[in-house]
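# Structural overview
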Amino acid sequence: MTKFPFKIKRLMNKLKSIIEKLSSPKIIAFHFIIFLLISLIMHFIIGPKLIAFTGEMQILDKMILGYDIDYVNKFFMVLEEKGRSIYLYQQIAIDMLYPFAYGGFLCFSSAWILKKRNHHLSNNGFIICLLPLIGISLDLIENTSNAILLLKYPNVNSFHVGFSSTMTYLKYLFIFLSALFLFLLYSKLILNKIINAR
């Protein structure tokens, strides 16, 4: 049992080292470009296909405040078999890559700014960088859970829907916190440059 905390600490130190090495302008730009490309594909190519079936109903992973079993059943019903296939094999498939794009951008951008002060990532800075990584994990769990819901439909249950809904809500919470910290870090960086330029 005494070895377990040591292994966790060792794993965290290794993760911290990886984040420090990858937090460069080139890596950040790469993740941002991939984020933009996937966003454009989902918004302009896959999105219209789903809207043709659902109308004004939003897909599950865009429901920031969550959803219930009644909404899921109605949503899957209006999608019909073809729409559910598009949702599963196109929307969710590409959405499995999306978290790595935006999560990597948020994580490495934050680390890059935090490193500029001390030339290394502090423990508090590392915690900030963990927020988007948690968001990535939650997004992947949410996508997997929603894919299973689609495959099981119409045999879905309230517990499974509740789990997926919770993952969606928590995902957005961690994305919001990550984006907020990045905004504050960038603002502070710009403000310091303005002050130093005077």
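In short, a report on the structure. Treat the numbers as computed from the prediction; the structure is a model and nothing was measured.

Criteria and cut-off values
- Residues numbered from 1 in each chain as written.
- Predicted model: local features only at pLDDT ≥ 70, side-chain atom pairs only at ≥ 80, totals over all residues.
- Heavy atoms only, no water.
- Helix = DSSP H or I, 4+ residues; strand = E, 2+ residues; numbered from the N terminus.
- Expected span 1.5 Å × (residues − 1).
- Buried < 20%, exposed > 50% of the residue type's maximum accessible area, 1.4 Å probe, protein only.
- Contact = heavy atoms within 4.5 Å.
- Polar contact = N/O pair within 3.5 Å; in protein donor to acceptor, adjacent residues only side chain to side chain.
- Core = buried A, V, L, I, M, F, W, Y, C linked by side-chain atoms within 4.5 Å.
- Phe/Tyr/Trp six-rings, centres within 6.5 Å; stacked < 30°, edge-to-face > 60°.
- Bend = angle between axes of the 7 residues up to and from the residue.
- 1 Å grid on protein atoms, 1.4 Å probe; cavity = no way out; pocket = protein on both sides within 12 Å on 5 of 7 lines; lining within 4 Å.
- Points joined across faces, edges and corners; volume = space filled by probe spheres on them.
- Nonpolar A, V, L, I, M, F, W, Y, C, P; charged D, E, K, R; others polar.
- Salt bridge = Lys/Arg side-chain N within 4 Å of Asp/Glu carboxyl O.

This next bit is on helix H6 (residues 158-197). Owing to its 3.6 residues per turn, the α-helix aligns residues three or four sequence positions apart on the same side. In this model H6 runs 58 Å from its N-terminal to its C-terminal C-alpha over 40 residues, within 8% of the 58 Å that 1.5 Å per residue would give. Listed in full, the buried residues belonging to H6 are His160, Val161, Ser164, Ser165, Met167, Thr168, Lys171, Phe174, Ser178, Leu182, Leu185 and Leu189. Elements in contact with the buried residues of H6: helix H3 (69-95), helix H4 (98-118) and helix H5 (123-152). The backbone nitrogen of Phe159 lies 3.2 Å from a side-chain oxygen of the residue at the head of H6, namely Asn157.

Looking now at the nonpolar core. Grouped together as the largest cluster of nonpolar side chains are 44 residues, with contacts concentrated most on Ile19, Leu60, Phe75, Phe76 and Tyr87. Broken down by secondary-structure element, the contributors of at least two residues to this core are helix H2 (25-54), H3, H4, H5 and H6. Not counting residues within four places of it along the chain, the set of residues in contact with Leu60 comprises Tyr67, Tyr71, Val72, Phe75, Phe76, Tyr87, Glu142, Asn146 and Thr168.

Quick look at the packing of aromatic side chains now. If you walk through the whole model with that rule in mind, you get 8 aromatic pairs. Geometrically, the ring pair formed by Tyr71 and Phe75 is stacked, given 6.1 Å between the ring centres and 10 degrees between the ring planes. With Tyr71 and Phe75 both in helix H3 and 4 residues apart, this pair spans about one turn of that helix. Relative accessible area serves as the criterion here: at 18%, Tyr71 is assigned to the buried category. Here Phe75 falls in the buried class, since its relative accessible area comes to 0%. Ring plane angle 75 degrees and centroid distance 5.4 Å describe the contact between Tyr98 and Tyr102, whose orientation is recorded as edge-to-face. Taken as a pair, Tyr98 and Tyr102 lie in helix H4 at a separation of 4 residues, close to a single helical turn. Side by side, Tyr98 and Tyr102 carry an identical accessibility label, which is buried.

The next thing to look at is H2. Remark: the principal bend of H2, roughly 50 degrees, maps to Gly47, with a proline, Pro48, within the next four residues. Burial in H2 covers these residues: Ile28, His31, Ile38, Ser39, Met42, Ile46, Gly47, Leu50 and Thr54. Here the buried face of H2 lies against H3 and H4. Downstream of H2 by one or two residues, Gly55 has phi in the positive range, about 70 degrees.

Before going further, it helps to examine the layout of surface pockets. There is about 590 Å³ of room inside the largest pocket. Forming the boundary of the largest pocket are 26 residues, of which Met42, Asp61, Lys62, Tyr98 and Tyr172 lie nearest the centre. Ranked by the residues each element gives to the lining of the largest pocket, the list is headed by H2, at 8 residues. Looking at the lining of the largest pocket, its residues break down into 13 nonpolar, 7 polar and 6 charged.

Before going further, it helps to spend a moment on the pattern of salt bridges. Tallied over the full model, the rule gives 2 salt bridges. For the salt bridge of Asp139 with Lys171, the shortest nitrogen-to-oxygen distance reads 3.9 Å. Here the residue Asp139 occupies a position in helix H5, and Lys171 occupies one in helix H6, the gap between them amounting to 32 residues. Residue Lys171 is classed as buried on the basis of its relative accessible area, which comes to 3%. Here Lys171 makes a salt bridge to Glu142, at a shortest N to O gap of 3.1 Å. On the criterion of sequence distance, the pair formed by Lys171 in helix H6 and Glu142 in helix H5 is long-range, its members being 29 residues apart. As far as burial versus exposure is concerned, Lys171 and Glu142 are alike and both buried. It is possible to trace a salt-bridge network through shared partners that takes in Asp139, Glu142 and Lys171.

That's the geometry; what it means functionally is another story.
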